[in-house]
Amino acid sequence: MDDCEAIGAGMKVVVDEGIWLATEEASAAALARRFQRMIGEGDTVLVLVDEEEIVGMVDLHPQTPGVVGLGMWVLPSHRGRGGGRMLLRAAIEARPADVHKIGLEVFPENEAAVGLYRSLGFEQEGLLRDHYRRRDGSLRSALVMALHLRNA
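Since the structure is predicted, the reported quantities are computational estimates derived from the model, not experimental observations.

J.: Tell me what's going on with the overall build of the protein chain, and back it up with residues and numbers.
T.: Broken down by element type, the protein chain carries four helices and six strands. In sequence order, the secondary structure elements of the protein chain are arranged as α-α-β-β-β-α-β-α-β-β. Expected size for 152 residues packed as a compact globule is a radius of gyration near 15 Å; at 15 Å, the protein chain falls within 12% of this value. Summarising its shape, the C-alpha atoms of the protein chain cover approximately 40 × 35 × 30 Å along the three principal directions. A buried classification covers 43% of the 152 residues belonging to the protein chain.

J.: Account for the packing of helix H1 (residues 3-17) against helix H2 (residues 28-40), with residues named and values stated.
T.: Packed helix pairs are specified by the crossing angle of their axes together with the interaxial distance, meaning the distance between the axes. At a closest axis distance of 7 Å, the pairing of H1 and H2 adopts a crossing angle of 125 degrees. Considering the angle they form, H1 stands oblique to H2. Relative to H2, H1 is oriented so that their crossing is right-handed. Facing Cys4, Glu5, Ile7, Gly8, Ala9, Met11, Lys12 and Val15 of H1, the residues of H2 in contact are Ala28, Leu31, Ala32, Arg34, Phe35, Gln36 and Ile39. Split into classes, the residues belonging to the contact of H1 with H2 amount to 10 nonpolar, two polar and three charged.

The rules behind each value
Residues numbered from 1 in each chain as written. Predicted model: local features only at pLDDT ≥ 70, side-chain atom pairs only at ≥ 80, totals over all residues. Heavy atoms only, no water. Helix = DSSP H or I, 4+ residues; strand = E, 2+ residues; numbered from the N terminus. Rg over C-alpha atoms; globule rule 2.2 N^0.38 Å. Buried < 20%, exposed > 50% of the residue type's maximum accessible area, 1.4 Å probe, protein only. Axes fitted to C-alpha atoms, helices over the stretch in contact; angles between N-to-C directions. Parallel < 35°, antiparallel > 145°, perpendicular 65-115°, else oblique. Left-handed = near helix turned anticlockwise from the far one by under 90°. Contact = heavy atoms within 4.5 Å. Nonpolar A, V, L, I, M, F, W, Y, C, P; charged D, E, K, R; others polar.

Set out below in structure tokens:
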């Protein structure tokens, strides 16, 4: 299994939880193709590995000049161990030199993620109210957060 297949399979576990990611319906194969495409387009993708298994991932994807978006997941079995913090720090360090801002969206009720982002300097910039329509028809809001890299 190549890395994109392992990333897709891992993300599928988190997608299937149905609560942390905006993505709801995707097969592991479709997610693997998505990561192959992202890497081909120049995204930065970093993985968290435990005993040769990919257990987390963070990606930085260009949005506008000087701004990248951040996406991240950690398998449920590996949360609360500091891996998310390691991934986030690595992503901040790995950002392209011309990046002055890293932005992300997170569901407000994901208190662990919001706390992690805040602890590393991310600030809330806004709220996308009732932004994501879920498979069951319900609507979910998302916090917009960003890390401003003043020295970039």
